[in-house]
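Structural description and commentary
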Amino acid sequence: MKMLKVGIASLEQYKARTLAIARGEYQPRPGEPKVWFQSIESLSQVLSDKNRALLALIAETKPQSVNELAMRAGRAKSNLSRTLRTMERYGLIRFEKGAGRQLAPRANYSGISLEMPF
C-alpha cells in the first residue's frame, strides 16, 4: 500500500488553490498533498490515536462488514459508522460491497505523511 500525503491550508488558501487549478493557472506537482485539512485541530480529530488504531485494524483484519469491525474494535456501530464516513470523505478508507447488503471498510493507505509549511 502507499502513503497518503496530507497538508494544512486555511479555507481561503484551499479555495484559491482549487480555483487556480480549475482555471488552468496551477498544475499540482507530483508529491503534493492529496488531502487538505483546515487546521491541526481538524487533522487531530480525524487522525486521533483511537482512529489511527481503527485504520490499522481495518488494514490488518479486512473486516467483511461494519458490524464485524464494530465487534473487533469494541465500538458502537452508530458511532463507528459516523467515524468511517468522515474517514471516507478524507479518502482514508473506501467501502466495498460485501455479502448481501453489507459494506466492507478497506484502508486506502498504509500510513500518512504531513506537509505543513510555517
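Anything mentioned here points back to the structure above.
Small disclaimer: the values here were computed from a predicted structure and weren't measured.

Turning our eyes to something else, we now look at the overall build of the protein chain. A tally of helices and strands in the protein chain yields 5 helices and 5 strands. Each helix and strand of the protein chain, placed in order from N terminus to C terminus, yields the pattern β-α-β-α-α-α-α-β-β-β. The C-alpha extent of the protein chain, read off along each of the three principal axes, is 45 × 30 × 25 Å. Buried positions account for 32% of the 118 residues belonging to the protein chain. Long-range pairs, those at least 24 residues apart, make up 63% of the contacts in the protein chain with a sequence separation of at least 6. With an accessible surface of roughly 7,800 Å², the protein chain has 54% of that area assigned to carbon and sulfur atoms. The centroid of the 20 positive side-chain charges in the protein chain is displaced by 7 Å from the centroid of its 10 negative side-chain charges.

To continue, consider the pattern of salt bridges. In this structure the tally under the stated criterion is 9 salt bridges. Glu32 serves as the salt-bridge partner of Arg29, at 3.4 Å between the closest nitrogen and oxygen. Look at Arg29 and you get exposed, because its relative accessible area is 52%. A single network of salt bridges, built from pairs that share partners, joins Arg17, Arg29 and Glu32.

Below, the discussion takes up the pairing of strand β1 (residues 3-8). The pairing of β1 with strand β5 (residues 111-115) spans 5 bridges and is classified as parallel. In the sheet register, Met3 faces β5, and the bridge partner there is Gly111. The sheet contact formed by β1 and strand β2 (residues 35-37) spans 3 bridges and is parallel. Bridging across to β2, Gly7 finds its partner in Trp36. Since β1 and β2 lie parallel, the crossover through helix α1 (residues 11-22) that links them has a hand, and here it is right-handed.

Below, the discussion takes up the side chain of Ser65. One can find Ser65 in the loop between α3 (49-61) and α4 (66-73). The exposure class of Ser65 is buried, given its relative accessible area of 9%. Sequence-distant contacts of Ser65, defined by excluding residues within four places in its chain, comprise Gln102, Leu103, Ala104 and Pro105.

A contiguous nonpolar patch, built from Ile40, Leu114 and Met116 and spanning about 250 Å² of accessible area, is present on the exposed surface. Positionally, Met116 belongs in the segment after β5. We classify Met116 as partly exposed; its relative accessible area is 38%.

Take the environment of Leu54 next. Here Leu54 is to be found in helix α3. Overall, Leu54 belongs to the buried group, its relative accessible area being 3%. Those residues in contact with Leu54 that lie beyond four places of it in its chain are Leu69, Ala73, Arg75, Leu80, Thr83, Leu84 and Met87.

Quick notes on the rules
- The residue numbers shown here count from 1 along each chain, following its written sequence.
- Only residues with pLDDT of at least 70 are given local features in this predicted model, and only at 80 or more are side-chain atom pairs given and counted; all residues enter the totals for whole chains, interfaces and linings.
- Side-chain numbers come from the whole structure's heavy atoms, not from hydrogens or water.
- Under the DSSP-based scheme used, a helix requires at least four consecutive residues in state H or I and a strand at least two consecutive residues in state E, with every element numbered from the N terminus.
- We call a residue buried when its accessible area falls under 20% of the maximum for its residue type, exposed when it is over 50%, and partly exposed in between, using a 1.4 Å probe and counting protein chains only.
- Two residues form a contact once any of their heavy atoms are found within 4.5 Å.
- Note on areas: Shrake-Rupley, 1.4 Å probe, and residue coverage restricted to the protein chains presented here.
- The charged-residue count follows a simple rule in which Lys and Arg add positive charge and Asp and Glu add negative charge, with His and chain termini not counted at all.
- By convention, charge coordinates are those of NZ in Lys, CZ in Arg, CG in Asp, or CD in Glu.
- One side-chain nitrogen of Lys or Arg within 4 Å of one carboxyl oxygen of Asp or Glu is enough to make a salt bridge.
- Between any two strands, pairing holds if DSSP finds at least two bridges.
- Note on handedness: a clockwise path from strand one over the helix to strand two, with the strands aimed away from the viewer, defines a right-handed crossover.
- Patches in this entry comprise residues that are over 30% relatively accessible and not in a salt bridge; like charges within 9 Å are linked, as are nonpolar side chains (Val, Leu, Ile, Met, Phe, Trp, Tyr) within 5 Å.

All quantities given are derived from atomic positions and should not be read as evidence of function.
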